[in-house]
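Listed here are the chains, written in short residue letters.
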Amino acid sequence: FEMNVNTMNFANFTMSFDEEQENFTLCCCNTQDSEAIDLYQINIKTSKLTRLFNHVNFHSIIKDNLLVTLGMKLPDKLGMIMKITQDLSQKIIFIGFESGILIGFQIDFDLLKIVYLSTYHFPEPILDLQVVFGSKDPTGTGTLISSSTNNIIAKHTYPVSDTIINRIKENGIY
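Not measured: the values here are computed from a predicted model.

### Considerations on the overall build of the protein chain
Then, in step 1: Counting its regular elements, the protein chain contains 1 helix and 11 strands.
Then, in step 2: Secondary structure elements of the protein chain, listed N to C terminal, follow the sequence β-β-β-β-α-β-β-β-β-β-β-β.
Then, in step 3: Within the protein chain, the fraction of its 174 residues that count as buried is 46%.
Then, in step 4: Long-range contacts, defined here as pairs at least 24 residues apart, represent 45% of the contacts in the protein chain between residues at least 6 apart.
Then, in step 5: As displayed, the protein chain offers around 9,500 Å² of accessible surface, 51% of which is attributable to carbon and sulfur atoms.

### A word on the confidence of the model for the protein chain
Then, in step 1: In the predicted model, the protein chain carries a mean pLDDT of 81, and 78% of its residues have values of at least 70.
Then, in step 2: When pLDDT is averaged over each element of the protein chain, strand 6 (residues 92–97) comes out on top at 95 and helix 1 (residues 59–70) at the bottom at 70.
Then, in step 3: The low-confidence segment residues 160–174 (pLDDT under 50) makes 36 contacts with residues lying over four places distant or belonging to another chain.

### Side note on the environment of Leu52
Then, in step 1: Relative to the helices and strands, Leu52 resides in strand 4 (residues 48–56).
Then, in step 2: Distance from Leu52 to Asp110, taken between C-alpha atoms, is 7.8 Å for residues 58 residues apart in sequence.
Then, in step 3: Discounting chain neighbours no more than four positions away, the residues touching Leu52 are Leu39, Tyr40 and Gln41.

### Comments concerning the sheet that holds strand 6
Then, in step 1: With respect to topology, 4 strands assemble into an open sheet ordered 5-6-7-8, the strand pairing being antiparallel. Strands at the two margins of the open sheet, each flanked by one partner only, are strand 5 (81–87) and strand 8 (111–118). Pairwise comparison of adjacent strand axes, ignoring direction, gives a mean angle of 25° for this sheet.
Then, in step 2: In terms of strand pairing, strand 6 meets strand 7 (residues 102–108) through 4 bridges, oriented antiparallel. Across the sheet, Ile95 pairs through a bridge with Ile103, a residue of strand 7.

### A few points about the sheet that holds strand 2 (residues 23–29)
Then, in step 1: What the 4 strands build is an open sheet, ordered 1-2-3-4; its pairing is antiparallel. A single partner strand is all that each edge strand has here, and the edge strands are strand 1 (13–18) and strand 4. Each adjacent strand pair in this sheet contributes to an overall mean axis angle of 15°, direction not counted.
Then, in step 2: The sheet contact formed by strand 3 (residues 37–43) and strand 4 spans 6 bridges and is antiparallel. What sits directly across from Tyr40, in strand 4, is Arg51.

### So, the nonpolar core
When a protein is soluble and globular, its nonpolar side chains tend to lie buried together.
Then, in step 1: Ranked by size, the top nonpolar core spans 22 residues in total, and within it Ile37, Phe58, Ile62, Ile103 and Phe105 carry the most contacts.
Then, in step 2: Ignoring anything within four residues of it in the chain, the contact list for Ile37 reads Cys27, Cys28, Cys29, Asn30, Asn54, His55, Val56, Phe58, Ile81, Ile95 and Phe105.
Then, in step 3: Among the nonpolar cores identified, the runner-up in size contains 10 residues, and Leu102, Val115, Ile126 and Leu144 belong to it.

### Let's talk about the pattern of salt bridges
Then, in step 1: Tallying each qualifying case throughout the model produces 4 salt bridges.
Then, in step 2: Ionic pairing is found between Glu22 and Lys45, a salt bridge with its closest N-O pair at 3.6 Å. Here the residue Glu22 occupies a position in the loop between strand 1 and strand 2, and Lys45 occupies one in the loop between strand 3 and strand 4, the gap between them amounting to 23 residues.
Then, in step 3: Taking relative accessible area as the criterion, Lys45 reaches 65% and is therefore assigned exposed.

### Examining the environment of Tyr116
Then, in step 1: Residue position: Tyr116 is located in strand 8.
Then, in step 2: Sequence separation between Tyr116 and Ile93 is 23 residues, and the spatial gap between their C-alpha atoms is 9.7 Å.

### A look at the state of the cysteines
Then, in step 1: Applying the stated criterion to the full structure yields 0 disulfides.
Then, in step 2: Its sulfur unpaired, Cys27 is 6.7 Å from the next cysteine sulfur, which belongs to Cys28.
Then, in step 3: Take Cys27: its relative accessible area is 1%, and that puts it in the buried class.
Then, in step 4: The cysteine Cys29 is free of any disulfide, with Cys28 supplying the nearest cysteine sulfur at 6.9 Å.
Then, in step 5: For Cys29, a relative accessible area of 4% puts it in the buried group.

Calculation notes
Residues numbered from 1 in each chain as written. Predicted model: local features only at pLDDT ≥ 70, side-chain atom pairs only at ≥ 80, totals over all residues. Heavy atoms only, no water. Helix = DSSP H or I, 4+ residues; strand = E, 2+ residues; numbered from the N terminus. Buried < 20%, exposed > 50% of the residue type's maximum accessible area, 1.4 Å probe, protein only. Contact = heavy atoms within 4.5 Å. Areas by Shrake-Rupley, 256 points an atom, 1.4 Å probe, with all protein chains shown as cover. pLDDT = per-residue confidence, 0-100. Pairing = 2+ DSSP bridges. Axes fitted to C-alpha atoms, helices over the stretch in contact; angles between N-to-C directions. Core = buried A, V, L, I, M, F, W, Y, C linked by side-chain atoms within 4.5 Å. Salt bridge = Lys/Arg side-chain N within 4 Å of Asp/Glu carboxyl O. Disulfide = S-S within 2.5 Å.

Okay, here's the thing in C-alpha cells:
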C-alpha cells in the first residue's frame, strides 16, 4: 500500500494485527490536520484499504469533560500529535499532544472509546511514550511511561475508572 502522510507530525503511526480477522489496523495522523487522526483497516486477504475513521479530533470531545472531571480548562486546541503508541494486549492506542495532554482510546466496533486521559505534562509537549507492562503485569493493568520538555517522566497505570470520560457519545466517539 502507498498512502499520503502528514510530515508535520514526522509520519507518526502505530499498527496492529488481528489474527482472527486477518486485518491490520493503522492509526496515523490525518493528512491535512496535524491535531487529528485517521484509522484504517488493511485486509491482507483482499489487499483492501478501508478508512474506519476520518479526521478524529479529540479536542471537542474532551474539553467540557476535562473541566468537570479534573477542574481544568482545556486550551483552545490540543496542538499537533507528537507521539502515537499502543498496548497490544489491552488494545489501547495512546496519543501524546503538543499541549501535554495524553489520551488513550480503544476501537469499540464503530465507536472510539476514550479510556484514559492525563494532564501530567500540561502545558509542555509530550516527546515520548513507552508501554512498559501489558498482559505481563500480574495485576492485569498496564503501565505507560511518558516524557516531555519539562523535567517530568510520568508513570501512567491504566485502565482507569469509568468516571473520567468513557460514556460521552458524540460523532461516533464516546
